[in-house]
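# Structural characterization, general
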Amino acid sequence: MSDALEQARQAALAELARTPKARPWWVDALVLAVLDVGVGVALVALLPTHGEQHDGAVLRLVTAAGLLLVAGLGAVAAVRPGALPSRWVVLGAAGLAALTSLLGVSGVGGAGLWGGAACTVFEVASSVVPLAAATWVLSRFAADPLRAAVAGLAASAGGLFALHFTCPIGTVAHVGVFHLVPWLLMGLLSLGIRRTVGSATWAP
């Protein structure tokens, strides 16, 4: 009997040795946060900046801080297990950032390329890689609509942050339609994409 138990123990140890150790959640969260924030900061550093969009520096900086908060904290909240309160905080921060971006516009007009749609194209294009990375990370967990929505908003916040500093148009209509609506749609798109991707586990 002792030989049989020893053989079973050795077989179990061998199987454990073949199974890769689970990656800590914070590793993926850190990678996503750096990616989401990094995209926005890099684009602002590479592209010419404009101040015409804003009526003053205070709301401009408050909005920028809110967008960076959504990008960084949103990535962490989307991945961290049991972070339900943090996810709602991120949604609240996203709403406040959207509000302050509208309140801070200067009213400076301008049709812009494609009637302003270039900003939407720019924002969506800059979100592709962060959103793909977030979807891949979230596939490690059971599908969760709130987690996916927060991840989508965080993934596209970098592109919106870049537009916040590089777009020269400051009308409410332009910022609302070509900046904020695409941001909301990216969050909703993240929900749809996550539903089509399988989960490696059903663990929350």
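Preceding block: the structure.
Definitions and limits used
- Residues numbered from 1 in each chain as written.
- Predicted model: local features only at pLDDT ≥ 70, side-chain atom pairs only at ≥ 80, totals over all residues.
- Heavy atoms only, no water.
- Patch = residues over 30% accessible without salt bridge, like charges linked within 9 Å, V, L, I, M, F, W, Y side chains within 5 Å.
- Areas by Shrake-Rupley, 256 points an atom, 1.4 Å probe, with all protein chains shown as cover.
- Salt bridge = Lys/Arg side-chain N within 4 Å of Asp/Glu carboxyl O.
- Helix = DSSP H or I, 4+ residues; strand = E, 2+ residues; numbered from the N terminus.
- Buried < 20%, exposed > 50% of the residue type's maximum accessible area, 1.4 Å probe, protein only.
- Core = buried A, V, L, I, M, F, W, Y, C linked by side-chain atoms within 4.5 Å.
- Contact = heavy atoms within 4.5 Å.
- Expected span 1.5 Å × (residues − 1).
- Bend = angle between axes of the 7 residues up to and from the residue.
- Axes fitted to C-alpha atoms, helices over the stretch in contact; angles between N-to-C directions.
- Parallel < 35°, antiparallel > 145°, perpendicular 65-115°, else oblique.
- Left-handed = near helix turned anticlockwise from the far one by under 90°.
- Nonpolar A, V, L, I, M, F, W, Y, C, P; charged D, E, K, R; others polar.

### A few points about a nonpolar patch on the surface
Nonpolar side chains collect at one region of the surface, where V181, L184, L185 and L188 lie side by side and expose about 360 Å² of accessible area between them. Topologically, L188 is positioned in helix 7 (residues 172-196). Here L188 falls in the partly exposed class, since its relative accessible area comes to 47%.

### Looking at the nonpolar core
L32, L67, V70, V79, F161, L180 and W183 are the most contacted members of the largest nonpolar core, which totals 37 residues. Of all the secondary structure elements, the ones that give two or more residues to this core are helix 2 (25-46), helix 3 (57-79), helix 4 (84-103), helix 5 (117-138), helix 6 (145-166) and helix 7. When residues in this core are grouped by element, the largest group, ten residues, is from helix 6. Sequence-distant contacts of F161, that is, excluding residues within four places in its chain, are made with G40, V41, V44, A64, L67 and L68.

### What to know about helix 3
Taking 1.5 Å as the rise per residue, helix 3 with 23 residues should run 33 Å; its terminal C-alpha atoms sit 33 Å apart, in good agreement. By the largest-angle criterion, L73 marks the main kink of helix 3, which is about 30°. Every buried residue of helix 3 is listed here: T63, A64, G66, L67, V70, A71, G72, G74, A75, A77, A78 and V79. As for helix 3, its buried residues are in contact with helix 2, helix 4, helix 5, helix 6 and helix 7.

### So, the packing of helix 3 against helix 4
Taken N-terminus to C-terminus, the directions of helix 3 and helix 4 make an angle of 155°; their axes are 8 Å apart at the nearest point. Comparing their axes, helix 4 and helix 3 come out roughly antiparallel. Crossing handedness for the pair helix 3 and helix 4: left-handed. Here L59, V62, T63, G66, L67, L69, V70, L73, G74, A77 and A78 of helix 3 lie close against helix 4, whose contacting residues are S86, R87, V89, V90, A93, A94, A97, T100, S101 and L103. The residue inventory of the contact of helix 3 with helix 4, partitioned by class, reads 14 nonpolar, six polar and one charged.

### Structural notes on the pattern of salt bridges
Tallied over the entire structure, the rule returns one salt bridge. With its nearest N and O atoms 2.3 Å apart, the salt bridge here joins R140 to D28. Of this pair, R140 sits in the loop between helix 5 and helix 6 while D28 sits in helix 2, placing them 112 residues apart in sequence. Residue class for R140 comes out partly exposed when judged on its relative accessible area of 24%.

Shape is all these values report; function is a separate question.
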